[in-house]
Amino acid sequence: MQEQQAGVEVVKRGESAPSPSLRVLDVMALTVGIVLGAGIFKAPSLVAAQSASGEAMLLTWLLGGVASLVGALCYAELASAWPHPGGDYHYLYRALGKGPAFLFAWARLTVIPTGSIALLAFVFGDYATQLFPLGPYSSPVYAAMLVVGLTAVNIAGIRQGTRTQNLLTALEVLGVGAVVIVGLLFTPALVPAEAAPAPAASSGTAWGLAMVFVLLTYGGWNEVAYLSSEVRGSRRTIAWSLLASIGLVTALYLLVNVAYLRGLGLEGMARSEAVAADLMQRAVGSGGALVLSVIIAISALTSANATVLTGARTHYAFGRDSVLFNGLGQWHAKSNGPSRALLVQGAISLALVGLGTLTRQGFETMVEYTAPVFWLFFLLTGVSLMVLRVREPDAPRPFRVPLYPLTPLLFIGICAYVLYSSLAFTGLGALAGLAVLGTGGVLLAVEAVRTRRGSQGASPKATSSPRLQRTKEAT
C-alpha cells in the first residue's frame, strides 16, 4: 500500500489516484468562475425587491461577502488539514460517520451540482438562442450541447479542463467589468422621478429572502475543497487561494450592484426582469443587449465548466467507499481525472435538461429545489470542523480558523438562518429537493445491508474505506 498526499486515503498498489497538478491561478480561476456566475445578472433585481433602500441592498451584498469569508475560513482549515477529492463528503465521513456522508454524496449526485449544471446550461441556451437560434427547441438543444461538450472536455484531462476554465474566467471577469464601467461611467444620471424608492417590504421575511438570493449568488466557493488533493505547493496554498477569490468576488459584486443602482435606481432594479440588459439598453442602446447576451452566455459557460470539473470529484470519493456506487470510484491515469464519475454526472445533468424542457419553472424554483439541501450540509460541515478539533486535536493544521470557536459558531449560525429562510420563504421546490434527499435514506439502508454482507464475506473493498482509516488514525 502507498498513501496519498491527503494522508488518509489508502490506495492499492497499481491504482491511479489524484496527483498535484493545479497551480494557484488554476484554483482561483475555478473558484471565481463558479461563484461569479449568471446569478449576478438575475439575483440583484430579486434582492432589490426585498430591500427598503439602496443602502440596505448594498449592505446585504456586503454581508453576503462577509458570510462567505467566514465560511471560507472554516473550509480553509479543513482543506489544508485533510486535502481530499471528496471535500465536504470526506469531512462529514471523518467527523460524523457514513450516514451523513452518504446522504451528502447522494445529494451531490442528484440535487446540488447536477441541478446547477442543468440550470446554467439553460441560461447558456437562452442567451445563445438570442445570438444564433436553432429552431423551436433551440435553448434545450444548446443546453444539451453544453453538458455533452463540457463533460467531454473534462474527460479529456485535467489540463484541458483547467485551461478552458482559465480562459472562460478571464472573459467572464472582463465582461462583468464592462457592465460596471458602462453603469458607472456611461449611463445617464437618473432624474428624481426615475429614482423614486421602491416600497419598503416587511423587514423579517424580506431580509431573510434577500439573503437566500444573495448567498445563492455567492455560492460555489466551497467547491475548491474537492480539488485540495490536486493543488501544487504547501497545504496553505489552498487556503490563501480561497480567501483571495472570495475577496475578489465580493468587490466585483458590490461594484456591479452600485452600477445597477446608479443606472436604474432601486425601483427600476426591483421591476426589471433582466436588470443587466436594462442597464446596457439605457446606456448604449439596443446594441447593448447583444453584447450582454454574449457576456451572460460566457458567464453561464464558465460556471458550468467549473461545476462539471469539481462536482465529479465527490462522486469519485463516494464511489471508493460505496458498495452500491463503487463504479464511480475509478481514477483515469491518462486524463488524471474521474472519467466514470464525469460520465454519470453528465448523464444525470442531461436527464435534468430533458425534465426542464418539459417543466421549466425558472430561476426561483431552482433556488427552492437546491437551497435547503445545500445549507443543511453546509451547516453539518461547520459542525464537522468543531468535531474534528475535539476528535483529532493533534492533526497537523497548516491553516487554523482565527478566533476559534467563535468563527465556526458564526458560520453554523449563518447556515441555520439561511436554512430556515429557504424553508420558510419558499414553496414546493424546497419540498421536492428534500424528497429527493429522502430517497437517499432508503439507499443508505440498502447500502448498510450490502456492506454488512460484504464484510461477512471479507470483501476486499472494506480495506480501503476512509472510515476504517479514520478510526485507526484517531486512535
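The residue count restarts for each chain, going from 1 along the sequence in the order it is written. Per-residue local features of the predicted model are confined to residues with pLDDT of at least 70, and side-chain atom pairs are confined, for both listing and counting, to 80 or more; whole-chain, interface and lining totals are unaffected and use all residues. Excluding hydrogens and water, the side-chain values take into account all heavy atoms of the structure.

- Going by what an unreviewed UniProt entry lists, the protein is known as Amino acid/polyamine/organocation transporter, APC superfamily and is assigned to Myxococcus virescens.
- Regarding the protein, the UniProt comment filed under Subcellular location (unreviewed entry) reads as follows: "Membrane". UniProt positions are given in the numbering used here, feature names are shortened, and annotations may be inferred rather than shown by experiment.

**Quick word on the overall build of the protein**
Here is step 1: Segments assigned H or I by DSSP are reported as helices when at least four residues long, segments assigned E as strands when at least two residues long, and all are numbered from the N terminus. Within the protein, the secondary structure is distributed over 17 helices and two strands.
Here is step 2: Per-residue burial over the protein gives 55% buried out of 475 residues.
Here is step 3: Once local pairs closer than 6 in sequence are excluded, the contacts in the protein between residues at least 24 apart make up 83%.
Here is step 4: Note on areas: Shrake-Rupley, 1.4 Å probe, and residue coverage restricted to the protein chains presented here. Summed over its atoms, the accessible surface of the protein is roughly 18,100 Å², and 68% of this surface lies on carbon and sulfur atoms. The cut-offs for exposure are 20% and 50% of the maximum accessible area for each residue type, with area from a 1.4 Å probe on protein chains only; residues under the lower value are buried, those over the upper are exposed, and the others partly exposed. Residue contacts follow a heavy-atom distance rule, with two residues in contact if any of their heavy atoms lie within 4.5 Å.

**Examining the packing of aromatic side chains**
Here is step 1: Only rings of Phe, Tyr and Trp enter the pairing, Trp through its six-membered ring, and a pair is recorded when the two centres are within 6.5 Å. The plane angle decides the type: under 30 degrees is stacked, over 60 is edge-to-face, the rest tilted. Taken as a whole, this structure holds 20 aromatic pairs when the rule is applied.
Here is step 2: Here a set of aromatic residues connected by ring pairs shows up, and it is made of Tyr 75, Trp 221, Phe 374, Trp 375, Phe 378 and Phe 411.
Here is step 3: The positively charged end of Arg 389 is found above the aromatic ring belonging to Tyr 404, 4.0 Å away from the centroid. Criterion for a charge above a ring: Lys NZ or Arg CZ within 6 Å of the ring centre, and within 35 degrees of the ring normal.

**What about the nonpolar core?**
Here is step 1: Put simply, buried Ala, Val, Leu, Ile, Met, Phe, Trp, Tyr and Cys residues joined by side-chain atoms within 4.5 Å make one nonpolar core. Judged by nonpolar contacts, the single largest core of 129 residues is most densely connected at Phe 41, Trp 61, Tyr 260 and Trp 375.
Here is step 2: For this core, the element with the highest residue contribution is helix H10 (residues 236-271), accounting for 13 residues.
Here is step 3: If near-sequence neighbours (up to four positions away) are discounted, Trp 61 is found in contact with Ile 40, Ala 43, Pro 44, Val 47, Val 214, Thr 217, Tyr 218, Tyr 253, Leu 254 and Asn 257.

**Observations concerning a nonpolar patch on the surface**
Here is step 1: Every patch collects residues that have over 30% relative accessible area and no salt bridge, joining them within 9 Å if they carry like charges and within 5 Å if they are nonpolar side chains (Val, Leu, Ile, Met, Phe, Trp, Tyr). What makes a salt bridge here is a side-chain nitrogen of Lys or Arg within 4 Å of a carboxyl oxygen of Asp or Glu, nothing more. Nonpolar side chains collect at one region of the surface, where Leu 59, Leu 62, Leu 63, Val 66, Trp 207, Tyr 417 and Tyr 420 lie side by side and expose about 620 Å² of accessible area between them.
Here is step 2: Broken down by secondary-structure element, the contributors of at least two residues to the nonpolar patch are helix H3 (54-81) and helix H15 (406-424).
Here is step 3: The element contributing the most residues to the nonpolar patch is H3, with four residues.
Here is step 4: Note that Trp 207 resides in helix H9 (residues 203-218).

**Quick notes on the packing of helix H7 (residues 138-156) against helix H13 (residues 339-358)**
Here is step 1: Where H7 contacts H13, the axes come no closer than 10 Å and their chain directions differ by 175 degrees. It follows that H7 is roughly antiparallel to H13 by the angle criterion. When H7 is examined against H13, the residues Pro 140, Ala 143, Ala 144, Val 147, Val 148, Thr 151, Asn 154 and Ile 155 are found in contact with a partner set consisting of Ser 339, Leu 342, Leu 343, Gly 346, Ser 349, Leu 350, Val 353 and Thr 357. An axis is simply a line fitted to the C-alpha atoms; with a helix, the fit covers only the stretch in contact. Between two such axes, the angle follows the N-to-C directions and lies from 0 to 180 degrees. Note on terminology: angles under 35 degrees are roughly parallel, angles over 145 are roughly antiparallel, angles of 65 to 115 are roughly perpendicular, and the others are oblique.

**Side note on the environment of Cys 415**
Here is step 1: Here Cys 415 shows up in helix H15.
Here is step 2: Taking relative accessible area as the criterion, Cys 415 reaches 0% and is therefore assigned buried.
Here is step 3: Sequence spacing of Cys 415 and Phe 374 is 41 residues, and the spatial spacing of their C-alpha atoms is 9.4 Å.
Here is step 4: Residues in contact with Cys 415, not counting those within four places in the same chain, are Trp 375, Phe 378 and Leu 379.

**Focus: unusual backbone geometry**
Here is step 1: Between Tyr 404 and the following residue, Pro 405, the backbone shows a cis peptide bond with an omega angle of 5 degrees.
Here is step 2: By the secondary structure assignment, Pro 405 is in the loop between helix H14 (363-391) and H15.
Here is step 3: Non-glycine residue Leu 403 carries a positive phi angle of around 60 degrees.
Here is step 4: With respect to the secondary-structure elements, Leu 403 resides in the loop between H14 and H15.
Here is step 5: The exposure class of Leu 403 is exposed, given its relative accessible area of 67%.

**What about the pattern of salt bridges?**
Here is step 1: Applying the stated criterion across every chain yields a total of five salt bridges.
Here is step 2: Across the pair Arg 389 and Glu 77 runs a salt bridge whose closest N-O atoms are separated by 2.8 Å. Taken together, the positions of Arg 389 in helix H14 and Glu 77 in helix H3 put the pair 312 residues apart, joining distant regions of the chain.
Here is step 3: On the accessibility criterion, Glu 77 (0% relative accessible area) is buried.
Here is step 4: Across the pair Glu 447 and Lys 98 runs a salt bridge, and its minimum N-O distance is 3.0 Å. Remark: Lys 98 occurs in helix H5 (residues 98-110) and Glu 447 occurs in helix H16 (residues 428-456); sequence separation between them is 349 residues.
Here is step 5: Among the residues examined, Lys 98 registers a relative accessible area of 21% and is labelled partly exposed.
Here is step 6: Connected through shared salt-bridge partners, Glu 77, Arg 389 and Arg 397 make up one network.

**Some thoughts on the side chain of Thr 250**
Here is step 1: For Thr 250, the position within the fold is in helix H10.
Here is step 2: Overall, the relative accessible area of 12% leaves Thr 250 in the buried class.
Here is step 3: When neighbours within four sequence positions are excluded, Thr 250 is seen to be in contact with Gly 65 and Tyr 218.

**With respect to the packing of H7 against helix H12 (residues 287-321)**
Here is step 1: Axis separation between H7 and H12 bottoms out at 10 Å; the angle between their running directions is 50 degrees. By the angle between their axes, H7 is oblique relative to H12. Handedness of the H7/H12 crossing: right-handed. For the pair H7 and H12, contact is made by Leu 146, Leu 150, Thr 151 and Asn 154 and by Leu 301, Ala 304, Asn 305, Val 308 and Leu 309, respectively.
Here is step 2: Polar here means any residue outside two lists: the nonpolar Ala, Val, Leu, Ile, Met, Phe, Trp, Tyr, Cys and Pro, and the charged Asp, Glu, Lys and Arg; Gly therefore counts as polar. Considered class by class, the residues forming the contact of H7 with H12 number six nonpolar, three polar and no charged. Note on convention: the crossing is left-handed when the near helix lies turned anticlockwise from the far helix by less than a right angle, right-handed when the turn is clockwise.

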